[in-house]
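Report on the structure
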Amino acid sequence: VWVGVGILATILLVAVVVWVPRVQSPQPQPVGEPPELPDLGVSVLNLPVLYDMGRVPELLESVVPAQFGDLSERRGFPGAERLQLAFQVERDPFSVTLQGDTAYISTVLRYQARGWYDPPVFQEVTGACGTGEATRPRARLVLSSPLALNEDWTLESELRVESLEPLTADERDRCRVTEFQVDLTDWIMLGARTLMEEWKDEISRSVSAMDLREQVEGQWRQLGEPMAVGDGVWLALNPSGIRYGSLRAADEGGDVALLELALELRPEVMTGSTPQASTASLPPLQRGDVGSDSRLLVEARADYGLISELADQALGGREFEAGGRTIQIQDVEVRGVGDGRVAVELEVTGAVRGRLFLVGTPAYDPHRNELSVPDLTFHVETRNVLARAAQWVLQTGFSQRIRDEARWPMATVFQGIPALQGETMSRELAPEVHLEGRFGSLEITRVVALSDAVVVRTALEGTARLLMD
């Protein structure tokens, strides 16, 4: 009998020693409404476009002849009934300079003139000036037009003759006719100005034919192409609107114009294969305010598969000891609860076997630039199960240790976001068209756990410009 009692006691002792509580906590359920993400809003890329206006003189060369006037064609002038003039002008190539919001187109004229004067009592007197090639008087012609664009991307042209006057104050550039002792310079200037006024409308039409739409439209399509910002990570700008602030000289006295554009965008960061390009066509040009700095509002998503993989790398296989007992984590999975929280599922062995759930709300830690879950703690159902089967687990600080480990670098979880800083947007859009963009300041504005992914919203500050020939 005593032997049988001893054997039974031994069996009971072994059973007590090897018995391990099993816990199977139910999966957490949402306790509130799914989080709402308001519209991200429109990002603005203030994009100064440097545009070479050197083509304007080329257009004028085809409209204004290199030589005009006729020495055999007499012209009369009001207030000088007895005087008739004929002149012939040769001009140098046009050049353009920009001052503020005005384009000045200039050339040097070289002319010769012939005059006929019919005095009251004597016979007609004829005289001439500039008949020798080296002695022809010179004049400077300056045309001006404001720099502006129409909604259809064509240049507005309100051409006017800004000035037409002798090149210098020297006698070399005066037309004096000694035969009848008169200076015809001002009359010649008036006659040449009259001719230019006659051509003004045709010149304006020629300048207005400079259609920037085709060139800008090509760059618009290029901006709709996704940009690689990492290995399998893409930034899609998704341009949707455009407005125009001003068109002015980039450098006073040069021939490069600065076109201030503000592009409205809805950027996205995506992972995987190359996403489709935006198919939005170039919208009509709108007038509006354009600033100097750009602000991009970007949304990025990290699916729970990636977060689970990172969590398993950090916690899988880890052992936690307390009070002589050891718990080993075999597997980790993170999923969205559906109410703004995430659930961390742990498969454990050792002094406790089974499934445990911790829940918490993800947040951004700016000091460590990490995604963390600062309020991560045992789910209420898990807590109840442990209270019945393994109360000691609740007293070991186990959840605190898991919380300390549930931290992931933002650069790893959201690979595309840090990659946006620096000169990521600098790229060649087309031959002789280059986009230069640099974004330095990055602010995490919101982190939200949805049922299928963790979403982070960021705001980037920087500058950009488009160089276009």
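You'll find the structure just up there.
Here is a short report on the structure shown in this document. (Residues numbered from 1 in each chain as written. Predicted model: local features only at pLDDT ≥ 70, side-chain atom pairs only at ≥ 80, totals over all residues. Heavy atoms only, no water.)

1. Notes on the state of the cysteines
Rules: For the purposes of this analysis, a disulfide is any pair of cysteine sulfur atoms at a distance within 2.5 Å. Helix numbering and strand numbering both begin at the N terminus, where a helix is a DSSP run of H or I of at least 4 residues and a strand a DSSP run of E of at least 2. A simple rule labels every residue: compare its accessible area, found with a 1.4 Å probe on the protein chains alone, to the largest value its type can have, and call it buried under 20%, exposed over 50%, or partly exposed in between.
Enumeration over the complete set of coordinates arrives at one disulfide. Disulfide partner of C129: C175, at an S-S distance of 1.8 Å. Here the disulfide of C129 and C175 is left-handed, its torsion about the S-S bond being about -95 degrees. Pair noted here: C129 is in strand β8 (residues 125–129) and C175 is in the loop between β10 (160–166) and β11 (176–177), with a separation of 46 residues, a long-range link. Here the two residues C129 and C175 agree in accessibility, since each one is buried.

2. Structural notes on the packing of aromatic side chains
Rules: Planes of paired rings set the category: under 30 degrees apart is stacked, over 60 is edge-to-face and the rest tilted, where pairs are Phe, Tyr or Trp rings (Trp by its six-membered ring) whose centres lie within 6.5 Å. Here, a charge over a ring means that NZ of Lys or CZ of Arg falls within 6 Å of the ring centre while also lying within 35 degrees of the ring normal.
Scanning all chains against the criterion turns up three aromatic pairs. Measuring from centroid to centroid gives 5.3 Å for F320 and F398, while their planes differ by 85 degrees, and the two rings are edge-to-face. With F320 in strand β20 (residues 319–322) and F398 in helix α7 (residues 398–405), the pair connects residues that are 78 residues apart, well separated along the chain. Taken as a pair, F320 and F398 share a single burial class, namely buried. By relative accessible area, F398 is classed as buried at 2%. Ring pairs connect the aromatic residues F320, F378 and F398, which therefore count as one cluster. Over the ring of W392 we find R325, and its NZ or CZ is 4.8 Å from the ring centre.

3. Here's the deal with empty space enclosed by the protein
Short version of the rule: Of the two site types, the cavity is a set of points on a 1 Å grid over the protein atoms alone where a 1.4 Å probe fits but cannot get out, and the pocket is an open set with protein on both sides within 12 Å along at least five of seven lines, each lined by residues with an atom within 4 Å of a point. Grid points are joined across faces, edges and corners, and a volume is the space filled by probe spheres set on the points. Three classes are used, and their members are as follows: Ala, Val, Leu, Ile, Met, Phe, Trp, Tyr, Cys and Pro are nonpolar, Asp, Glu, Lys and Arg are charged, and the others, Gly among them, are polar.
Counted under the stated rule, the structure contains three cavities of 30 Å³ or more. Considered as a void within the structure, the largest cavity measures approximately 100 Å³ in volume. M53, A103, S145, L147 and V207 are the residues nearest the centre of the largest cavity, which is lined by 13 residues in total. When residues of the lining of the largest cavity are traced back to their parent elements, those giving at least two are β7 (102–117) and β9 (138–146). Taken together, the residues that form the lining of the largest cavity break down as 10 nonpolar, two polar and one charged. Roughly 70 Å³ of volume is contained in the second largest cavity. The wall of the second largest cavity is formed by 11 residues, among which V216, Q219, L223, L261 and L466 lie closest to the centre. Elements with a contribution of two residues or more to the lining of the second largest cavity: β2 (43–52), α4 (213–223), β16 (256–265) and β30 (453–468). With four residues, α4 is the single largest residue contributor to the lining of the second largest cavity.

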